[in-house]
Number of protein chains: 2
Amino acid sequence: MAAEEITIGNYIVRRLEEQNIRSIFGVPGSYLANFLDNVESSSIKWVGECNELIAAYAADGYARYRGGLGVLATTVGVGELSAINGVAGSFAEELPILHIVGQQPSIDQEEGLNVIHTLGDGKYDTFAKSTTPYICSQFLLSKKEIGLGVVDQSIDKVIVDCISKSRPAYIALPADLVDTKIVTTRLHEPLKKEEIPNNKDAESTAITHIYQRFTEAFAGWQDNNVLVIADVSISRHHCKKEVADFLAATDLPVYGTPLGKTVVDETSPRYGGVYIGDLSDAEVKKKVESARLVVLIGPLTTDFNSGKFSYKIKDENAIKIHYDHTEVGFASYARVGMKELLPKLGERLKDFKNRASKLTVPKFELKPVTDSDKQITHDWLWWRLGAWFEKNDLIITEAGSVSYGVLDLPLPSGSSLLAQKLWASIGWSMGATHGAMLARREIEGAQAPKTILFIGDGSFQMTVQEISGFMRSGINPIIFVITNGGYTIERLQHNVEGEYHNIVTWSYGDLLKVLASTTNPIETKTYKVSKETELGKLLDVQKIRNNNCLQLVEIDVGRDDAPPALRRALGIPDPDNSSADHGKQGVFLPRRDFKAPLGIIGW
Amino acid sequence: MAAEEITIGNYIVRRLEEQNIRSIFGVPGSYLANFLDNVESSSIKWVGECNELIAAYAADGYARYRGGLGVLATTVGVGELSAINGVAGSFAEELPILHIVGQQPSIDQEEGLNVIHTLGDGKYDTFAKSTTPYICSQFLLSKKEIGLGVVDQSIDKVIVDCISKSRPAYIALPADLVDTKIVTTRLHEPLKKEEIPNNKDAESTAITHIYQRFTEAFAGWQDNNVLVIADVSISRHHCKKEVADFLAATDLPVYGTPLGKTVVDETSPRYGGVYIGDLSDAEVKKKVESARLVVLIGPLTTDFNSGKFSYKIKDENAIKIHYDHTEVGFASYARVGMKELLPKLGERLKDFKNRASKLTVPKFELKPVTDSDKQITHDWLWWRLGAWFEKNDLIITEAGSVSYGVLDLPLPSGSSLLAQKLWASIGWSMGATHGAMLARREIEGAQAPKTILFIGDGSFQMTVQEISGFMRSGINPIIFVITNGGYTIERLQHNVEGEYHNIVTWSYGDLLKVLASTTNPIETKTYKVSKETELGKLLDVQKIRNNNCLQLVEIDVGRDDAPPALRRALGIPDPDNSSADHGKQGVFLPRRDFKAPLGIIGW
């Protein structure tokens, strides 16, 4: 009996369906059309975006929310290079994005023809080559691969690499080869993430070592024997549940980090706030830096995350539990990763639970604020918003000032915070909101709790057309656009009066009417506020907290105002708005008695 | 006496002023601010754009119009990668764009810190490396270079490479090194384009050879002894004047090409129309393909330019005059370039002028049309617009359908057509219009004749925020947005009913209000037409042909309508609108009994 056959395009689509992909983001193009025919006839929805960079951001948000694969499809050259900044961001922040590129037909490629979307040099591999720093795996379909009968294996390998390494991967499909038939044999076996199991001997040695360190730390009482710092790699490697169980088993005090916001429940009485080195709250700083033992789970040392490398935790007092190895003081245990280690470690450390539960934790609470008639400032804004957030909200913050706004707030139980803070490409959050909300709808249904996007005006202008994408997909984030006519974070860092920091202020609210479909308009609401009472009323009285229509709130905060956490980061002491002298002293902050290791993200 | 000193940033600015740069396009960023301080204190205007891709397109348009350097400045990583598709387009189409990238401080780089806008791997050279296929020269500033005292030379080399090779080049400036002082000595000598002079012996041999071929061709009379095809490399290498003089000296019949539109005066009685291989007008095709001798000046064989490689000119009947070499039949003369050759060749070939002037040329004229009450179709639209164009208009066409619209029209004397047809990145024309119009204003003053932009709705949505850029710079193109709810050229090529071709139709005209500055609004006019009489009235009665305010005309052409030249290219015979079956037969057109040489663009 001859083996069953399937087109290459459909083979890929089947593999994506298997990964529960329900949406693919991209922009069509003549070389991509054959593949898109396969998508159109599948269970997967094609989400056409206004441009490719937005599509890449959307695929990132989709993967980020669902904790799994996201798919981006573009045409060759012009399309893929437009998207490459988004893909690079997904690489930096460890997201598995499969980028499918529709290429010129192989017959053109073989003859080295000078066709559109090439550099005019008859070469067809330039783009695939220049994309390699931003992907972990690549497959360029060709007649040769078809002849060798290895197309199925090659596709499978790229998808497995993508989901296992949690980095972008790349498949190029010459338009004339997409409909070539291959056998379905391999489809009987679903693709799975490759996990490297812990080395059991190393793991049990590490547990014994950690137990011994806990014994020493708890020998003799002080209020600050041991604490945990829960950081971003926990969520990147999908270990939030393991960490929650570990904390429940041990009752240890836990602190967060800027990148690790919402990784653990910030409303827990055992949660003490955010540690950011020298930029920490004084009480948090004292607690962490005087501890006998600090268990860092999933740490990632970036400038933003570490208070510009100002951590004061001695290596000999640290236990670092990474996704693939564990360090106890100066001893490193390879192949002892957090996912398998944490349940066993929690079980073993129960002996210390009684003592741990007596360790005190600073209160991490919202500062109550009242609404006055004054212009809104960041000092008021974030506390006010914090009180308005609800359980299970999805909060998305753009890079720039707003990403600092939420740092000081305890976020509600079950809430998620999405932010791109290492790559920090402004404009990202518009696409990411689209992708994340589609993923959320696929997982939780249309009635999922509200999604809130915070974005500055400069960032909003980068990718504003994504408003149209929201409408097209029928998703309804509540968009807060913080306006002050420029790139605030840049102004505050260097030459606050530089004209080059300025942008033009648009009629942001009106965009929702203009970017809507003329034939299929949807309901929208827009608000513009500049006084505390105006926003207060909106939040309380008008109850905008629903997902029934697309809403945009324009908040005018006045020039050069910034969230407290950003002021701390930039060394701006005064809480008033006299900013005239900021930044004159230069960009480069005092920093670093802690040296970042190389290759830190690959831990 | 100690040598005079200047900061590195100011050294670059001085070199750019020397190249008559009056505008630099980009988006600021923390690492770019030190350099922008230098720009702000110079005679050069900083043109801040909404995003980096738009900025790259603007620099492209600026360089394209002025026939010289364009400058783009972005921050590292996020900024430069957002721009890279625009830079690649400038590379493909041979434009000298200097891309200045503001990098992380060298002190961060030396320590391999994990800071924002990196991949988190402590590496800082990744982006500069991956950009190399799209640039001709690169300089990465470092302390080492400063120590060696070669910074001035290195900067000069990159700028000279950029203008001499007419391709993008790249300078990376770590933020903390921009204000380092270097000596001004080299500034006394202005930078000049390096030109390789013709080899005089080869040149005179080539002229003799060509004279001999002319003698043979004119021996025995036929109406079609010799003709010229004037192509795009003429404008890329700034030889329009030399070609005009050559044609005046010889009175030879001349034909254009799709990419070579407006390279020669299309209203001249010696101009016979556009040769596009099998897609040519029948009379043009017969003339060209039956000629005894065809002089191709600046030919560039791309799919678009050659009617999908369907040229029928035998090599033995061809003389090809390139920018750096010349081919006479099968003989190739290295270092015999058009700029120096043409004046001498024109002088030498005057002997044939009398006979050449008797060769007849098809009439290339506008087809007169009248305005009926019917919906506007492409068949009517372009002829109608052709009659409305005026001397010295600047016409810019986006890629996609509209780029085919102008092919059949004789464009007015002195007009220029800008289009990006090899790289063909949709959305390009918005930024390019901004850049080209600023260059035009710098060269010709505010009262330059009108600039007209044609763009399809799908392309417009890619980079729509550039409307705001137009207003900020106070430039007033007349923008024609051709709407039909999708990517028409894609629809017509493959699966016309594919949902993925569709976009949402916006209220395009209203954008001019919404994207305007709320504090500094400017005058705008918008129109929406769908009937011939409506547009006709607008063109004639309302006289929109002025630059006093920003104008947008939305033209609804109905789904799947396409310009005649595009229908010919796609093999769609019927002039009516029954498009239901187009594209079913597949993407790949019948083509090629002409094989494109490799490296064709480097001729």
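Cut-offs applied
- Residues numbered from 1 in each chain as written.
- Chains lettered and ligands numbered in written order.
- Predicted model: local features only at pLDDT ≥ 70, side-chain atom pairs only at ≥ 80, totals over all residues.
- Heavy atoms only, no water.
- UniProt positions renumbered as here; feature names shortened; annotations may be inferred.
- Helix = DSSP H or I, 4+ residues; strand = E, 2+ residues; numbered from the N terminus.
- Buried < 20%, exposed > 50% of the residue type's maximum accessible area, 1.4 Å probe, protein only.
- Polar contact = N/O pair within 3.5 Å; in protein donor to acceptor, adjacent residues only side chain to side chain.
- Pairing = 2+ DSSP bridges.
- Axes fitted to C-alpha atoms, helices over the stretch in contact; angles between N-to-C directions.
- Contact = heavy atoms within 4.5 Å.
- pLDDT = per-residue confidence, 0-100.

- As recorded in an unreviewed UniProt entry, chain A goes by Pyruvate decarboxylase and comes from Psilocybe cubensis.
- Of chain A, the UniProt comment under Subcellular location (unreviewed entry) reads exactly: "Mitochondrion".
- Taken from UniProt, the Sequence similarities (unreviewed entry) comment for chain A reads in full: "Belongs to the TPP enzyme family."

Some points on the UniProt feature "domain: Thiamine pyrophosphate enzyme central" (unreviewed entry) in chain A
Okay, step 1: Taken from the UniProt record, the annotation "domain: Thiamine pyrophosphate enzyme central" (unreviewed entry) applies to residues 224–331 of chain A.
Okay, step 2: The annotated region residues 224–331 of chain A carries 21% helix and 24% strand content, and the separation between its end C-alpha atoms amounts to 23 Å.

Points about the environment of Asp-379 of chain B
All names here are of chain B.
Okay, step 1: With respect to the helices and strands, Asp-379 occurs in helix α15 (residues 378–388).
Okay, step 2: Given a relative accessible area of 22%, Asp-379 falls into the partly exposed group.
Okay, step 3: The sequence separation of Asp-379 and Ile-207 amounts to 172 residues, and the corresponding C-alpha distance is 44 Å.
Okay, step 4: Among the polar contacts listed, one links the side chain of Asp-379 to the side chain of Arg-567, at a separation of 3.2 Å.

Some words on the sheet that holds strand β3 (residues 45–48) of chain B
All names here are of chain B.
Okay, step 1: Read from one edge to the other, the open sheet built from 6 strands follows the order β3-β2-β4-β5-β7-β6, with strand pairing classed as parallel. Two strands lie at the open edges of the sheet, namely β3 and β6 (137–140), each paired on one side alone. Along the sheet, successive strands turn relative to each other by an average axial angle of 20°, direction set aside.
Okay, step 2: Sheet analysis places strand β5 (residues 97–103) next to strand β7 (residues 169–174), joined by 6 bridges and oriented parallel. Within β7, the residue paired with Gln-103 across the bridge is Pro-174.
Okay, step 3: Across the sheet, helix α8 (residues 151–165) touches β5, β6 and β7, and the angle it forms with β6 is around 155°.

Section: the confidence of the model for chain A
All names here are of chain A.
Okay, step 1: Confidence along chain A averages 92 in pLDDT terms, with 95% of residues attaining 70 or more.
Okay, step 2: In the model, residues 577–603 has pLDDT below 50 throughout and makes 72 contacts with residues more than four positions away in sequence or in other chains.
Okay, step 3: Interface scoring of the predicted complex returns ipTM 0.94; its pTM is 0.95.

Topic: the sheet that holds strand β21 (residues 550–556) of chain B
All names here are of chain B.
Okay, step 1: The strand order across the open sheet formed by 6 strands is β17-β16-β18-β19-β21-β20, and the pairing between neighbours is parallel. Each edge of the sheet is formed by a strand with only one pairing partner; in this case those strands are β17 (416–419) and β20 (524–529). Neighbour-to-neighbour, the strand axes of this sheet turn through a mean angle of 15°, independent of strand direction.
Okay, step 2: Bridging between strand β19 (residues 478–483) and β21 involves 6 bridges; their strand directions are parallel. Each bridged residue has a counterpart across the sheet, and for Ile-482 the counterpart in β21 is Ile-555.

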